[in-house]
Amino acid sequence: MSVIMGPKKKSSVWQFFNKIDDKKTKCKLCQKEIKSAGNTTNLIGHIRNVHKAAYLEIQPKQTTFNAVTTTDEISNPLDLDTKVTPYNKMDDGVLQFQPVPSCSGSQRSGAPLPKTVNETIDSDLDENVIPLKRQRTIQAAFKDISSYSESGAKTRKLNNCLLFMICKDHQPFSIVENEGFKTLMKTVAPQYKLPSRTTLRRWLDDKYEVISETIKKMLSSIEDITLTTDIWSDTLNMKSFLGITAHFGIDIELYSVTLGVYELDERHTSDYLSEILLKVCQDWKIDQENVTAVVTDNAANIVKAIELAFGRRKHIPCFAHTLNLVAEGTMICIEWRNIVSKVKPIVTWFKQSCIASDELRKATAAATESSAGAAEVKLIQSVDTRWNSTYYMLQRFLELRSVINDILFRHPRAPAMLSASEISTVSSVIMVLRPLEAATKEISGDKYCTSSKIIPLVRCMLSKITSAVIEDPVAKEVQKLAINEINKRMGSIEHVNALAIASILDPRFKRMHFNDPIACSNAVTKIKDLMKKNLHSNEEPESDSDKSDKNEEAFSLWTDHHKLVHRNWKINKSEDVLSDELSVYLRTPVGRLKENPLEIWRDYKIQFPKLYKIAFKYLTIVGTAMEQPRLGETAYMITVYLRQNLSKVKCSLKRFTGLEFKDSIPDFSSKF
């Protein structure tokens, strides 16, 4: 059998693959390794199933490359003059051919294929190759059209995703009226009809009511909930608002749900605030006994309100707010306050002068060009209500001091630049304040345990500030003030039961960071009491058959004595078990700092069943109310936007509560 061998053609599918060896290739689009044993079947199947757009691109080329080139592929029982024409049948991406008998006489089977046949094949392939796209059935076409109807499956899914985008990204309802967004949706889903902004508002209110009922059921079943709350004022409209957020844990994950932003229309007395807190808990079906702690700032009225509503022991001061008070306490130093007062006008001058800002931008651009991907460097202004803003302002000022000095020198009316000694003072004070800034960042997370970190952070922070070697006299005074403020405001932090228990039951810290042995001992005793309480609550009541001596007569003067002996034996035995469980836990190795303590306790659950429930309760407490300033800022933007129509503020805040509520729910788009 003779075969006409032409030049070997390379399949177009190889443009999407890199060959690793004789048996493996790697897809350029998804980096997945595909087995290839000398053919392209697996490669074509991968492109067809995973990268459909690329598959449609290579279809015409692929069919041409798979054309028949040898007589072995068109052998018996066809005649030699048989023509081969393609027809619309696809098998694994390869076009099939249908034999068409010729009218001429047949020749010997296996003879070389005449040139006319090869030419016919090439011309037929060029003219008759059609896209390898299977036609949809009528049922599938009608099903797809009906899915975009008002109640269709795809329309419902797109509506929910649209609402989720507005809630998650804080987009305005008017986004559906933007030309760019309309063009995008027309391209992505031409049959989808965009809802109006009015319809979106109505849907949001309806969704809020539906989901809030679901969350109410969930909150009613959760035993350990932490509340955070704060009051902020709108000085423009002279209105005050109270934001409330609930925090809880499920398995090893921590979640937060914004319960609402409520307008305060009376004096902010402790009685009035406690009534609102209790009403919110009642509306959301949160049992007061299930509230483990309430985290607020140190204002007297809110602290008293927590005491009236939930009890004094359940209040925890916001650690970040306390750190901010420590930083403010260092401003008592007059020399330091004067230096900060000189930096602020310089930053303000740059913010208000376009010429100075342009010069600063050009001067810093040359430095950032050498650093690939470096962001534009700007001065930072200090804001009293923003924590660590003074620290960031001074830090950035030191970074750009040479550029700032050159620009100020060229402008006679510019503020005076700091002297060399003052710049040295700023550098030294930055070293003192750095532990405060690092502690604030460490404690500000909401996806990991923070309550157990407070006592270790206080000790580490105090150690860093105390051990800092400072030569500048002003910086030394600031260092002394910072240490005094920490001792004043956080000296008794180890006696806060909730924080002490959380630190001891955190496998990463345990008792290592306690300076006060009495506070540590009290916390351990409290843990034992909680274990006993849980044990007694789970015990079954004694039956009449529980007697120490069954052979005794029906009447005995010592019956009560025997019962007391039996009860004392059970108590001693249970106390030994509890004491052993706690002591074994305390002797286990300390966990790594980066580990999730809830994951560690999930592994400890079988070994320490009594301790597990207590650990979960206290480790899910949050250490700060960091989300409250964000709530206040966003709500303030709403009130400013609606300042010309204040009657809409209350309705908009309710809708904002719905937005924040949905934004805080994990996988919101899958809840419908």
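Residues numbered from 1 in each chain as written. Predicted model: local features only at pLDDT ≥ 70, side-chain atom pairs only at ≥ 80, totals over all residues. Heavy atoms only, no water.

**Quick word on the overall build of the chain**
Then comes step 1: Check the secondary structure of the chain and you find 24 helices and 10 strands.
Then comes step 2: Across the 672 residues of the chain, 42% fall into the buried class.
Then comes step 3: Within the chain, contacts between residues at least 6 apart in sequence are counted, and of these 65% link residues at least 24 apart. (Helix = DSSP H or I, 4+ residues; strand = E, 2+ residues; numbered from the N terminus. Buried < 20%, exposed > 50% of the residue type's maximum accessible area, 1.4 Å probe, protein only. Contact = heavy atoms within 4.5 Å.)

**What to know about empty space enclosed by the protein**
Then comes step 1: Going through the model one piece at a time under the given rule, you end up with 3 cavities of 30 Å³ or more.
Then comes step 2: Roughly 40 Å³ of volume is contained in the second largest cavity.
Then comes step 3: Lining the second largest cavity are His247, Phe248, Leu254, Tyr255, Ser256, Asp446, Thr620 and Val622.
Then comes step 4: Of all the secondary-structure elements, those providing two or more residues to the lining of the second largest cavity are β7 (239-250) and β8 (253-264).
Then comes step 5: The leading source of residues in the lining of the second largest cavity is β8, at 3 residues.
Then comes step 6: Across the lining of the second largest cavity, the residue classes tally to 4 nonpolar, 3 polar and 1 charged. (1 Å grid on protein atoms, 1.4 Å probe; cavity = no way out; pocket = protein on both sides within 12 Å on 5 of 7 lines; lining within 4 Å. Points joined across faces, edges and corners; volume = space filled by probe spheres on them. Nonpolar A, V, L, I, M, F, W, Y, C, P; charged D, E, K, R; others polar.)

**Notes on the sheet that holds strand β1 (residues 17-19)**
Then comes step 1: An order of β1-β2-β3 is seen for the 3 strands of this open sheet, with the pairing classed as antiparallel. For this open sheet the edge positions go to β1 and β3 (33-35), each flanked by a neighbour on one side alone. Ignoring which end each strand starts from, the neighbouring axes of this sheet average 35 degrees apart.
Then comes step 2: The sheet contacts of helix α1 (residues 41-50) involve β1, β2 (24-27) and β3, and relative to β3 the element is tilted by about 135 degrees. (Pairing = 2+ DSSP bridges. Axes fitted to C-alpha atoms, helices over the stretch in contact; angles between N-to-C directions.)

**Some thoughts on the sheet that holds β7**
Then comes step 1: Pairing is mixed in the open sheet, where 5 strands are placed in the order β8-β7-β6-β9-β10. Strands with a single pairing partner mark the edges of an open sheet, and in this sheet they are β8 and β10 (315-317). Each strand of the sheet is rotated relative to its neighbour by a mean of 25 degrees, with strand direction disregarded.
Then comes step 2: Sheet analysis places strand β6 (residues 225-234) next to β7, joined by 9 bridges and oriented antiparallel. When the sheet's bridge partners are listed, Trp232 is paired in β7 with Phe241.
Then comes step 3: On the sheet, helix α8 (residues 270-283) packs against β6, β7 and β8 and is oriented at approximately 130 degrees with respect to β8.

**Overview of the confidence of the model for the chain**
Then comes step 1: The predicted model of the chain averages 77 in pLDDT, with 73% of residues at 70 or higher.
Then comes step 2: Note that residues 1-7 has pLDDT below 50 and, in this model, 13 contacts with residues that lie over four places away or in other chains.
Then comes step 3: Note on residues 665-672: pLDDT under 50 across the span, and 14 contacts to partners over four residues away in sequence or across chains. (pLDDT = per-residue confidence, 0-100.)

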